[in-house]
Amino acid sequence: MIYKILIANRGEIAIRVIRACRDLHIKSVAIYTEPDMHCLHVKIADEAYKIGTNAIRGYLDIDRIIDVAKACKADAIHPGYGFLSENYEFAKACEDAGLIFIGPRSEVIHKMGNKNIARYLMSKNGIPIVPGTEKLNDCSLDELKTQAEKIGYPVILKASGGGGGRGIRVVHKEEELESSFEACKREALAFFNNDEVFMEKYIVNPRHIEIQVLGDNYGHIIHLCERDCSIQRRHQKIIEIAPCPSISEDLRKTLGVTAVSAARAVGYSNAGTVEFLLDDYNRFYFMEMNTRIQVEHPITEEVIGVDLVVRQIRIAAGEILDLEQSDIKHRGYAVEARITAENVWKNFIPSAGKIGEYFPALGPGVRVDSHIYKDYVVPSFYDSLLAKLIVKATSYDLVINKLERALKEFVIDDLRTTIPFLIAITKIREFRRGYFDTSFIETHMQEILEHTEDRHQENKEEVIAAIAATLQRIREARK
Ligand code: ADP
Ligand code: ADP
Ligand code: MG
């Protein structure tokens, strides 16, 4: 049994976990840094403890977090996403301290949390991976050059420890390889404290399809269908859809079975996500596994009818997963839009400050997972996510209508947000028809911006002209 959970996170995911605790009659413990004193997770948890003055370091301080958990007699720790969620040393420290880490075992995180090791293991287990380097350790520039000649440009460089769309560089020709390699290594070291880089063939205009898996501590693993996360900007997801509007039931089954065997190959338990790229011919390639709850998990909850965070907790407590694959059926469509505090007209730079009026969308088929409230001051230190708007309907057409309706109802004042940009996306024909891949935002940027009706759009014309010119330059350079 679990009686008390410490949540080693902040923002909307901390709130999401506290709500699951309440639903299960489990006590919740929040931790916070000095600048987060007025955060909602601190207000609504049963207990809250300050863990430092530094905005970021506090949520990464393994020893301190474990000490707080022991002192307040928590029996488990939920890591959320980001921060320490995929840090195997943190999971190991919990295990060593006799605390339940709500996630897979530390050795599984160690294997799958590193993209390069995961690639190697998956390929050994017969899971198709993107062609690229197949070395377990770091690659030199010369090795990458040789490999790129073999697989052909364009290629993509990735940080082994990367995440959140960072530590990624697309390289179109050999002349760009050296500078991209150095830039990638620098970014990897700065963000992930690990400068190891590997390379993959760059699949042109793929779809990003990921499978949610759930496994108990006794080897029973199922999948909960897929999410299409192809609507991305700079390799970061903006809108996610479940199920994918453009794959057949057969492919859905194959992807599900492959994801379960990937999870089984490493003895996976708890919730996890296997990410695949799908090319024009519907060939799929393993990309990475996220060994944690995913930002976009709510859309799976909506179409499958399973509370993933509650399941995570029950599995961690040692319960048998009482769901069979045949119990899993998807109904209708769900879409999530990530509303962020960013200024669209200034190249999406994060905006911080106090929130004025706040009216989240409501009504049938609408769910909002968020930590913000009127007068909350959005700090500049963290992720710019303000709210996840999740809508559900019986068909793809209706769910896009509902997304548009809910976004138009959503009011977050006195701060620049991406709401007008998201509304504009719902107007693009390819999106409405369900025909899109990861190049969608880049390809349609001009059209989306033309539809973006923001109250503050002083420089709309110049921005659109600049985007058009840049797109033209890119097209010519790639000829
Ligand atoms: P998801 O894969 O669930 O869609 P994202 O990739 O958008 O999640 O990442 C969610 C959050 O976690 C972001 O704040 C991102 O910066 C952070 N994050 C993801 N992976 C890592 C990592 N390896 N190290 C540090 N932060 C990460
Ligand atoms: P992160 O850990 O940041 O989520 P991923 O490895 O999952 O990094 O890649 C993020 C995104 O980058 C993918 O969703 C996809 O759009 C793009 N991407 C990654 N690898 C490739 C590839 N080999 N070819 C084309 N696009 C890729
Ligand atoms: Mg990913």
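Just above, that's the structure.
In this report, the structure presented in the accompanying data block is examined. This structure is a prediction, so every number in the text was calculated from the model and none was measured. (Residues numbered from 1 in each chain as written. Chains lettered and ligands numbered in written order. Predicted model: local features only at pLDDT ≥ 70, side-chain atom pairs only at ≥ 80, totals over all residues. Heavy atoms only, no water.)

The subject of this paragraph is the pattern of salt bridges. Counted by the stated rule, this structure contains 39 salt bridges. The salt bridge involving aspartate 307 is made with arginine 16; its shortest N-O contact spans 2.8 Å. Taken as a pair, aspartate 307 in the loop between helix H10 (297-304) and helix H11 (308-316) and arginine 16 in helix H1 (residues 11-23) lie far apart in primary sequence, 291 residues in all. Notably, a salt bridge pairs arginine 416 with aspartate 454, separated by 3.8 Å at the nearest N-O pair. With arginine 416 in the loop between strand S22 (411-412) and helix H13 (419-425) and aspartate 454 in the loop between helix H15 (440-451) and helix H16 (460-477), the pair connects residues that are 38 residues apart, well separated along the chain. (Salt bridge = Lys/Arg side-chain N within 4 Å of Asp/Glu carboxyl O. Helix = DSSP H or I, 4+ residues; strand = E, 2+ residues; numbered from the N terminus.)

For glutamate 461, the location among the structural elements is in helix H16. Residue glutamate 461 is classed as exposed on the basis of its relative accessible area of 63%. For the pair formed by glutamate 461 and leucine 449, sequence separation is 12 residues and the distance between their alpha carbons is 9.5 Å. (Buried < 20%, exposed > 50% of the residue type's maximum accessible area, 1.4 Å probe, protein only.)

Time to look at the coordination of the magnesium ion (ligand 3). Taken together, the protein donors to the magnesium ion (ligand 3) comprise Glu275 (OE) and Glu288 (OE), at separations of 2.0 to 2.1 Å. One end of the pair, glutamate 275, is in strand S12 (residues 270-278); the other, glutamate 288, is in strand S13 (residues 284-290), and 13 residues separate them in sequence. Exposure class is identical for glutamate 275 and glutamate 288. Each is buried. (Donors = N, O, S within 2.8 Å, 3.2 Å for Na, K, Ca; no water.)

Regular strands place side chains that alternate from one sheet face to the opposite one. Judged by how many residues are buried, S12 sits mostly within the fold: nine of nine residues are covered. In the sheet, strand S9 (residues 207-215) pairs with S12 via nine bridges, with the strands oriented antiparallel. Looking at S12, one finds that glutamate 210 is bridged to glutamate 275. Judged from the six bridges that link them, S12 and S13 form a sheet pairing that is antiparallel. Counted as the bridge partner of glutamate 275 is glutamate 288 from S13. The hairpin formed by S12 and S13 contains five residues between the paired strands, and asparagine 282 there has a positive phi angle of roughly 65°. (Pairing = 2+ DSSP bridges.)

Moving on to the site of ligand 2. Not every one of the 22 residues close to ligand 2 is listed here, only the nearest: Lys115, Gly165, His208, Gln232 and Glu288. Here lysine 201 contributes a backbone N or O atom positioned 2.9 Å from a nitrogen atom of ligand 2. Measuring from an oxygen atom of ligand 2, one finds a side-chain N or O atom of glutamate 288 at 2.8 Å. Surface burial for ligand 2 is 96%, taken as the share of its 550 Å² of free accessible area covered by protein chains. Only strand S6 (155-159), strand S8 (197-201), S12 and S13 provide two or more residues apiece to the shell around ligand 2. Residues of the shell around ligand 2, tallied by class, amount to eight nonpolar, eight polar and six charged. (Near = heavy atom within 4 Å. Polar contact = N/O pair within 3.5 Å; in protein donor to acceptor, adjacent residues only side chain to side chain. Areas by Shrake-Rupley, 256 points an atom, 1.4 Å probe, with all protein chains shown as cover. Nonpolar A, V, L, I, M, F, W, Y, C, P; charged D, E, K, R; others polar.)

Turning to the sheet that holds S8, a few remarks are in order. Taken together, the three strands give an open sheet; going across it, the order is S7-S6-S8, and neighbouring strands pair in antiparallel fashion. Strands at the two margins of the open sheet, each flanked by one partner only, are strand S7 (168-171) and S8. Adjacent strand axes in the sheet meet at a mean angle of 25° when their direction is disregarded. Summarising the sheet, S6 and S7 pair through four bridges and their orientation is antiparallel. Within S7, the residue paired with isoleucine 156 across the bridge is valine 170. Across the sheet, helix H6 (residues 115-124) lies against S6 and S8, angled at about 50° from S8, the strand it touches most. (Axes fitted to C-alpha atoms, helices over the stretch in contact; angles between N-to-C directions. Contact = heavy atoms within 4.5 Å.)

Geometric descriptors of this kind do not, in isolation, establish any biological role.
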